[in-house]
Amino acid sequence: MGLTGIQIYKLLPKTNCKECGEPTCLAFAMKLAAGKAELAKCPYVSDEAKEQLSEASAPPIRGITLGTGENAFKIGEEVVLYRHEKTFVNQPGYGILITDTMDDTEVEAKIKRLNEMFFERVGLTLTADFAALKNESGDPSKFESLTQKVMGLTQKALVLISENVDALSAAGKVAKDRRPLLYAATKENADQVGALAKELGVPVAAKANGLDELIELSEKLTSIGLKDIVLDPGNRKLKDLYADLHFHRRAALKDKFKPLGFPFITFPNEMTDDPMKEALYAAIFVAKYAGLIVLSDLDAHRMLPLTVQRLNIYTDPQRPMIMEQGIYEINKPDKSSPVLLTTNFALTYFIVSAEIEASRVPSWLLVMDTEGLSVLTAWSAGKFVADAIAPFVKKSGIEEKVDHRNIIIPGYVAQISGELEEELGGDWKVVLGTREASDIPAFLRTYASKG
Amino acid sequence: MSRIILTAAIRGSHAIVNRVAKKVEEAIEKFGPDQKVELPNTGYYLPIIWGILGIPVTKLGDMPRVVEYCKNLLPPIPDEKNWLPYLGPGLDAGMATLLSYDMEEALKYLEDPLPYLPLAEDCDDEHLWLGAADDRIMRKRGVEFVDGTAPGFAAIVGAAPDNETAVKIAKELQEKNLYVFMASDHNGVNMAEQLKEEGVQLGWTTRLVPFGKDTSAAIHAMGFATRVAMAFGGVKPGDYVKILRYNKNRVFAFVMALGHVTDEWYAAAAGCINWGFPTIADSNIPQILPTGVCTYEHVVSNVPHDQIVSKAIEVRGLKIQVAKVPVPVSYGPAFEGERIGKDAMHVELAGPKAMGVEFCTSAPLDEVQDGKIELVGPDFKDMEEGSRHSLGILVTVAGRKMQEDFEPILERQIHHFLNWAEGVLHIGQRDIIWLRISKKAMEKGFSAIHFGKILHARFHSEFNNIVDKIQVNIYTEEDKVKLLLDKARTVWKERDERLAGLTDDAVDTFYSCTLCQSFAPNHVCIITPERPGLCGAYNWLDGKAAYEINPTGPNQPVKKGEVVDEKLGKWKGVDEFVYPTSHNTIQSFSAYSIMNDPMTSCGCFECITVVLPMANGVMIVDRDSTCMTPCGMTFSTLAGTVGGGLQTPGFIGMSKFYIGSKKFISADGGFKRIVWMPKALKEQLKDMLVKRSEEIGIPDFYDKIATEEDATTEEEVIEFMNKVGHPALEMEPMM
Amino acid sequence: MAFTPPLEKYAGKIREVVIGKGDKVVKLGGHNAMPGCIFDGDFPNLPKIALEVFDSAPEDWAPEAIKPYEDVVNDPVAWAKKAVDVYNAELVCLHLKSTDPNGENVGADEAAQLAKKVSDSISVPLIVLGSGNAEKDGEVAAKVCEVCAGQNLLVGLAVEDNYKKIGAAAIGYGHCVAAQSPIDVNLAKQLNILLDNLGVPLDKIVMEPSTGALGYGIEYTYSVMERIELAALSQNDDKMQLPIMNIMAVETWKTREAKLDVDAEPTFGDLSKRGILWEAMTAVDLILSGTSLLIMRHPEAVRLTKEIIEELYLGK
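Please read all numbers here as calculations on a predicted model, not as lab measurements.

## Section: the overall build of chain B
Secondary structure assignment for chain B yields 22 helices and 23 strands. Considered along the principal axes of its C-alpha atoms, chain B spans approximately 110 × 65 × 50 Å. By the burial criterion, 59% of the 735 residues in chain B qualify as buried. By sequence separation, contacts in chain B at least 24 residues apart represent 73% of the contacts at least 6 residues apart. Carbon together with sulfur atoms contributes 51% to the accessible area of chain B, which is approximately 28,900 Å² in total. Of the side-chain charges in chain B, 76 are positive and 100 negative, and the distance between the mean point of each set is 1 Å.

## Description of the packing of aromatic side chains
One pass over the structure, following the stated rule, counts 45 aromatic pairs over all chains. Taking 6.1 Å as the distance between ring centres and 35 degrees as the angle between the ring planes, the aromatic pair formed by Y179 of chain B and F181 of chain B counts as tilted. Take F181 of chain B: its relative accessible area is 2%, and that puts it in the buried class. Here Y331 of chain B and W420 of chain B contribute two aromatic rings whose centre-to-centre distance is 6.0 Å and whose plane-to-plane angle is 50 degrees, an arrangement assigned as tilted. Remark: W420 of chain B occurs in the loop between helix 12 (407-419) and strand 12 (424-427) and Y331 of chain B occurs in the loop between helix 11 (308-316) and strand 7 (345-350); sequence separation between them is 89 residues. What links up through ring pairs into an aromatic cluster is the set F145, F153, Y179, F181, W204, F211, F224 and F277 of chain B. A cation over a ring is seen here: R121 of chain A above F350 of chain A, with NZ or CZ 4.4 Å from the ring centre. The ring of Y216 of chain C carries the charged tip of R121 of chain A above its face, separated from the ring centre by 5.5 Å.

## Here's the deal with the nonpolar core
Residues and elements named next belong to chain B. F153 and W275 are the most contacted members of the largest nonpolar core, which has 337 residues in total. Not counting residues up to four positions away in its chain, the partners in contact with F153 are F145, L178, Y179, F181, A221, A225, V251, F252, A253, F254 and F277. Among the nonpolar cores identified, the runner-up in size contains 130 residues, and L541, L612, C631 and I674 belong to it.

## Considering the domain arrangement of chain B
Partitioning chain B into structural domains gives domain 1 (2-108), domain 2 (135-316), domain 3 (333-486) and domain 4 (509-730). The gap between the C-alpha centroids of domain 1 of chain B and domain 3 of chain B is 56 Å.

## Overview of the sheet that holds strand 23 (residues 674-676) of chain B
Pairing between sheet strands relies on hydrogen bonds along the backbone, with the strands arranged either parallel or antiparallel. All names here are of chain B. Strand order in the open sheet formed by four strands is 22-20-21-23, with mixed pairing between adjacent strands. Because the sheet does not close on itself, it has two edges, and the strands there are strand 22 (651-654) and strand 23. Across the sheet, the mean angle separating the axes of adjacent strands is 35 degrees when strand polarity is ignored. Looking at chain direction, strand 20 (residues 607-612) and strand 22 are connected through four bridges and run antiparallel. In the strand pairing of strand 22, V610 is matched with F651.

## What about the side chain of R207 of chain B?
Residue and element names in this part refer to chain B. With respect to the helices, strands and loops of the structure, R207 is situated in the loop between helix 7 (191-197) and strand 3 (208-212). Look at R207 and you get buried, because its relative accessible area is 15%. In this structure the side chain of R207 is engaged in a polar contact, spanning 3.2 Å, whose partner is the side chain of E144. Beyond its immediate chain neighbours, meaning those up to four positions away, R207 contacts E144, T149, A150, N177, L178, Y179 and V180.

## Considerations on the interface of chain A and chain C
Where the parts come together, the accessible area they lose is often given as the size of the interface. In this complex, chain A contributes 51 residues to the contact, which on the side of chain C involves 54 residues. Taken together, the two surfaces of chain A and chain C that pack against each other cover about 4,500 Å², and 67% of this comes from carbon and sulfur. At the boundary of chain A with chain C, the tally comes to nine salt bridges. In this structure, E311 of chain C and K277 of chain A form a salt bridge, with 2.7 Å as the shortest nitrogen-oxygen distance. Inspection of the region where chain A meets chain C yields 17 residue pairs in polar contact (both at pLDDT 80 or more).

## Brief notes about the state of the cysteines
Evaluation of the coordinates by the stated rule reveals zero disulfides over all chains. The thiol of C148 of chain C is unpaired, and the distance to the nearest cysteine sulfur, on C145 of chain C, comes to 8.1 Å.

## So, the packing of helix 3 (residues 108-121) of chain C against helix 4 (residues 134-147) of chain C
Any two packed helices are characterised by the angle at which their axes cross and by the distance between the axes. All names here are of chain C. It is at 8 Å that the axes of helix 3 and helix 4 come closest, and there the two elements cross at 45 degrees. In terms of orientation, helix 3 and helix 4 fall into the oblique class. You can see that helix 3 and helix 4 cross each other, and the crossing is right-handed. Along its contact with helix 3, which presents A108, D109, A111, A112, Q113, A115 and K116, the element helix 4 presents E139, V140, K143, V144 and V147. Classifying every residue of the contact of helix 3 with helix 4 by side-chain character gives seven nonpolar, one polar and four charged.

## Quick word on the interface of chain A and chain B
Taken together, the contact between chain A and chain B spans 24 residues of the former and 27 residues of the latter. Interface area, chain A with chain B, both sides summed: about 1,900 Å², of which 66% is carbon and sulfur. The three residues of chain A that bury the most area against chain B are I6, L26 and M30 of chain A, which together make up 25% of that side's buried surface. Across the chain A-chain B interface, the total number found is zero salt bridges. At the junction of chain A and chain B, the tally comes to three residue pairs in polar contact (both at pLDDT 80 or more).

Conventions we followed
Residues numbered from 1 in each chain as written. Chains lettered and ligands numbered in written order. Predicted model: local features only at pLDDT ≥ 70, side-chain atom pairs only at ≥ 80, totals over all residues. Heavy atoms only, no water. Helix = DSSP H or I, 4+ residues; strand = E, 2+ residues; numbered from the N terminus. Buried < 20%, exposed > 50% of the residue type's maximum accessible area, 1.4 Å probe, protein only. Contact = heavy atoms within 4.5 Å. Areas by Shrake-Rupley, 256 points an atom, 1.4 Å probe, with all protein chains shown as cover. Lys, Arg positive; Asp, Glu negative; His and termini not counted. Charge placed at Lys NZ, Arg CZ, Asp CG, Glu CD. Phe/Tyr/Trp six-rings, centres within 6.5 Å; stacked < 30°, edge-to-face > 60°. Lys NZ or Arg CZ within 6 Å of the ring centre and 35° of its normal. Core = buried A, V, L, I, M, F, W, Y, C linked by side-chain atoms within 4.5 Å. Domains from an automatic or database assignment. Pairing = 2+ DSSP bridges. Axes fitted to C-alpha atoms, helices over the stretch in contact; angles between N-to-C directions. Polar contact = N/O pair within 3.5 Å; in protein donor to acceptor, adjacent residues only side chain to side chain. Buried area = accessible area lost by both parts, 1.4 Å probe. Salt bridge = Lys/Arg side-chain N within 4 Å of Asp/Glu carboxyl O. Disulfide = S-S within 2.5 Å. Parallel < 35°, antiparallel > 145°, perpendicular 65-115°, else oblique. Left-handed = near helix turned anticlockwise from the far one by under 90°. Nonpolar A, V, L, I, M, F, W, Y, C, P; charged D, E, K, R; others polar.

Here it is in structure tokens:
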């Protein structure tokens with residue numbers, strides 16, 4: 001249990017000096033309590049307070065950043081077992097496996113997919129995150145040159161996979177400014193790989209046979225002063241790995257067990273030859289506690305569901321996904337096409353737009369910013385009411401796009417129809433739509449046929 | 001008074017048990033003990049005996065054991081001077097009667113030819129009497145009992161004084177979706193015969209079921225009810241307590257005794273009381289009014305025929321359902337927002353330029369006639385187009401569970417109910433109502449009477465649990481409206497005072513609200529008289545009513561229990577409720593503190609109170625405010641901080657009303673702690689704040705509360721406080 | 001010192017619900033730990049998969065979804081048989097879609113007769129659902145209960161507006177009830193209480209929490225299900241200890257991701273595999289959040305899902 005904002009406030013200087021960037025010590029304390037600020041920002045905090053606070057505020061699972069610049073991503077820092085308890089925080093990274101035995105064409109094709117594959121959703125761009133380079137050949141120089149080549153082809157983060165210290169060292173040196181993950185320190189090579197990671201100042205993964213050995217390795221790496229560690233318990237069977245991932249998350253969160261307080265890396269690519277199955281494993285590890293997920297390839301038909309899966313599971317349950325306010329065109333509408341109105345709660349939008357699309361009736365969908373509230377909630381919160389909707393409709397520019405003045409509103413807000421018509425004024429007519437989205441296709445077809 | 005009835009019942013039961021005992025003996029002699037006895041196509045043997053005693057009677061030889069049991073059950077016939085309470089022995093006698101009837105009817109099936117039309121659903125021209133329902137019928141019809149399509153049955157013994165009355169009673173019962181089971185005779189006539197003479201279709205399909213002309217045939221009604229308990233209640237045969245309880249609680253049945261009540265009828269009626277089925281009689285016999293076994297009264301007598309059905313329904317506690325709102329215009333939420341402009345308007349009612357009143361009150365059950373709608377004054381069609389008239393609507397409700405406290409809650413619904421009608425515009429409540437009726441509605445034949453129809457139907461369907469009868473009076477005559485208005489204003493004043501006088505200390509129960517757990521999984525609102533729900537939408541009375549209306553809903557009663565800390569507002573009962581309901585996250589809850597285990601927030605709060613540590617007070621900011629506040633956070637930042645069902649000391653989400661409550665953070669110093677609020681909010685709440693200022697003995701306290709015009713940072717707040725001499729400066733430190 | 005895995009022991013246990021009769025029986029629930037956590041408790045019954053059958057040939061289906069059933073879409077009985085005999089369905093779910101009063105409005109009697117015919121011709125238990133119109137579903141389900149008396153089908157969907165009708169018929173004729181509530185923990189519980197009050201035994205109810213597909217609200221379903229399971233297990237909430245089912249295929253296959261071909265959305269990749277994966281991944285999410293019964297469509301998605309279940313629980 002962390003400290004409350006007030007408990008933290010009591011440890012702060014209580015001067016409202018504003019040097020932390022917050023207007024008051026209380027506001028700063030609340031941010032600290034929520035894990036959204038760092039104590040270091042307060043220049044006047046006492047050492048004693050610092051000690052008490054950092055103890056309380058250190059994340060139970062360490063956050064680790066791979067890559068640099070806009071391609072950097074962070075994993076770890078999770079605070080709950082179930083997303084509804086608060087939220088899952090840092091999405092796990094997806095990576096594509098590339099080995100030093102592949103020919104150039106294959107390497108280039110794979111990197112191209114890594115670089116270019118993206119999906120747009122709720123105003124976000126969904127992509128994969130890293131290239132996992134594997135020293136399949138066993139030859140350090142091949143590994144080095146693959147790393148070199150890939151460095152030239154992509155700016156994305158890298159995971160360097162080899163148990164050969166020389167190979168890791170060679171590639172690591174090439175890639176060290178990219179902040180790659182060295183994979184892996186094992187029972188056999190932990191001293192050397194640990195030293196290498198320390199020398200290069202990059203994160204290192206520990207790979208073991210089972211959790212007991214993994215804990216030993218983790219403690220060993222910590223003892224030589226390494227902080228950025230990623231763990232692999234070595235299991236490649238779903239049932240066992242699933243258990244390991246649970247034990248890791250529980251031990252870290254509930255028992256504050258430091259040796260397991262690091263993100264896990266998983267290898268669905270090593271668990272099956274069936275690409276479909278591999279995608280399902282990856283989906284499981286998204287939901288159940290992985291930090292990095294290595295895939296054999298990035299096919300669009302697998303990455304689309306996988307990136308959506310990651311987005312869904314990591315959506316903050318208390319903060320709905322929202323759409324951008326505006327006019328959305330569906331089925332290539334023209335000047336006579338119907339105009340429908342809904343709120344910017346992403347789920348509402350998805351469902352409504354999918355139904356309109358299914359109706360095949362060309363339509364304009366006006367999506368209004370209701371701070372992500374659904375129709376009824378937004379209405380009862382006073383955000384989806386006539387005097388808010390009317391200005392939005394008028395400013396949206398829809399009046400230039402259509403030559404009629406009919407707007408279809410959700411059936412659930414029938415009670416605003418009269419007032420909205422008055423507020424809109426002019427020739428605007430309010431048409432009552434359906435209460436359920438599933439009735440939209442039938443409604444639209446009849447509506448459109450009536451002209 | 002019941003002494004006479006029960007003496008008669010006991011006398012009757014002796015006669016019946018002895019008669020049946022003799023019949024059993026004779027039958028065994030004639031057919032032998034191995035002769036099979038059974039009712040047609042049933043797995044429940046003789047259903048009363050199987051259900052109550054758990055004895056499967058399959059052959060004659062099984063019967064003597066049951067006869068013996070009945071004899072043991074019979075109490076001695078009380079002598080005239082004995083004044084002991086009789087209900088217990090009377091019930092036993094009744095039970096012995098019904099067990100005996102079960103055998104008596106079964107013996108009939110040994111006769112040739114059969115007295116009944118077996119395995120038929122409906123009567124034909126030749127055969128009137130259907131006898132026992134087989135399992136197929138029982139299941140099919142029993143489903144209707146459980147799903148509420150048929151709430152229960154009327155077991156009618158005897159006959160109406162004339163055919164016309166018989167038809168009327170039958171029709172009325174059919175309209176209430178009840179089954180009518182008919183048996184026995186009065187002066188040699190049974191009601192089924194009366195109906196048949198009048199050409200009424202009889203049988204299970206029309207729900208008018210003639211069982212048999214003997215009184216014993218009435219047992220098929222009880223056998224049916226008993227089988228329903230086993231088939232649908234999962235009750236094991238022999239578990240008589242559960243069988244009887246199931247029937248009392250779920251099968252809305254009653255006995256209607258038409259004609260002279262014989263000892264035998266008394267005996268059977270006493271038996272039915274065991275099942276929780278009361279008897280309603282048209283003859284002048286003594287009553288058994290005190291409640292006990294049945295939900296309400298046991299025997300109600302001398303009821304006129306035109307009231308007998310509604311009385312029966314009331315006594316049995318049956319709920320009326322009005323499926324469809326009977327108006328000529330469309331009706332539904334879609335029309336709530338409909339506007340009626342001047343051109344489209346036929347007539348305007350009440351509003352700023354005429355008198356208007358909408359008033360709901362409650363009355364004793366026998367003073368309200370359900371469904372009665374009365375109009376005094378001209379109807380809409382007789383009003384000149386474009387004219388304006390006064391309007392008074394008086395809704396009088398009655399219900400066994402109705403409470404005066406619910407009146408305002410029902411009254412507030414009138415607005416929604418009327419507004420759902422197409423072509424009706426309704427604004428406001430109480431004496432500020434304003435209505436318009438559209439020309440289109442008039443074309444469809446809309447009348448003032450339809451207001452009554454709407455309210456009658458909707459109150460029944462929405463407030464079934466608390467309202468049994470609804471009567472509506474509509475006034476369009478000026479002086480009548482005035483009379484109602486004066487009366488209503490007196491009552492409103494009383495209501496408002498009563499509400500204001502409700503205190504936390506005066507009640508022993510609070511109400512919870514978990515409506516918001518869908519998005520704040522662990523949040524629990526505790527609604528007390530002096531602290532409404534943080535959304536401002538639910539006060540204590542609403543919680544109470546909501547619980548009565550929907551006992552499994554999100555508003556549950558929370559017993560305060562032992563006081564843990566009076567000042568903080570901690571009670572054992574409340575903590576014990578909050579802990580599991582918050583899914584084991586909130587251990588303890590203070591009603592009156594912002595610092596110590598404050599109430600959690602879902603996110604719907606009207607405003608947020610935040611401690612300003614250096615100012616030694618609190619600031620309040622409401623949802624409409626968008627500016628930066630002295631605590632360094634805007635409303636929306638604060639909302640993100642305190643929402644989600646977390647206990648956040650120093651912060652509470654709350655309703656605006658709570659600011660004016662005597663219990664407002666009373667553990668932390670209360671109202672005097674307020675140092676800042678947005679100007680708009682301060683002005684909006686001015687009356688309440690000034691009143692509280694006077695109550696705390698600092699009449700100018702209102703002016704000591706800073707707004708954004710006086711201070712935007714904590715330092716400026718302190719400066720302002722010093723300037724105006726704010727009392728919080730002198731108070732003990734908040735933290 | 002060896003690491004002691006932190007195990008979770010719960011006070012509560014999900015009721016076991018038996019669907020079907022005689023030698024065609026499927027058991028749901030019965031577990032006392034969170035999904036896949038075989039290290040914490042016992043899972044006497046693994047999540048089961050039912051295949052869908054519709055009472056009329058579906059329109060607007062993705063070609064990939066129709067392909068496996070092309071030869072049987074006009075014959076529900078043959079369709080059901082194929083689902084069982086060819087695709088090894090553990091149960092069959094008959095959607096009486098054409099009873100929709102806003103559609104073909106097929107009567108309850110006719111629909112019930114079809115349900116009986118399907119039930120009689122397959123060797124696995126049957127689930128029967130209506131069109132989604134609460135009032136009509138009540139009528140149809142009640143008739144199905146009567147006509148299929150004693151077969152212990154899983155009948156639905158019971159919702160707040162029709163639960164009495166369906167519940168009563170299910171009690172009277174010996175069936176289980178599929179009870180759907182609108183994606184809210186408390187509403188789910190409330191419906192269970194209402195059914196319980198009506199007299200439906202709690203071990204004859206399966207909860208449908210309202211299912212969203214991947215990308216279309218799966219995260220809501222996921223969290224509501226986790227919360228239901230946790231309430232049942234850790235708080236030992238008797239009224240929540242019912243197995244969960246998910247009517248998921250209908251939702252997954254109507255998404256644009258499962259339907260739009262690569263010409264319409266060039267970045268979406270192979271349509272046929274994408275649709276299957278969309279269904280299978282939705283299924284996996286539901287398994288992870290606590291389902292006991294999935295209503296699925298594509299045989300290949302079923303195969304993948306089944307393998308995942310067996311690997312997760314049995315280590316295959």
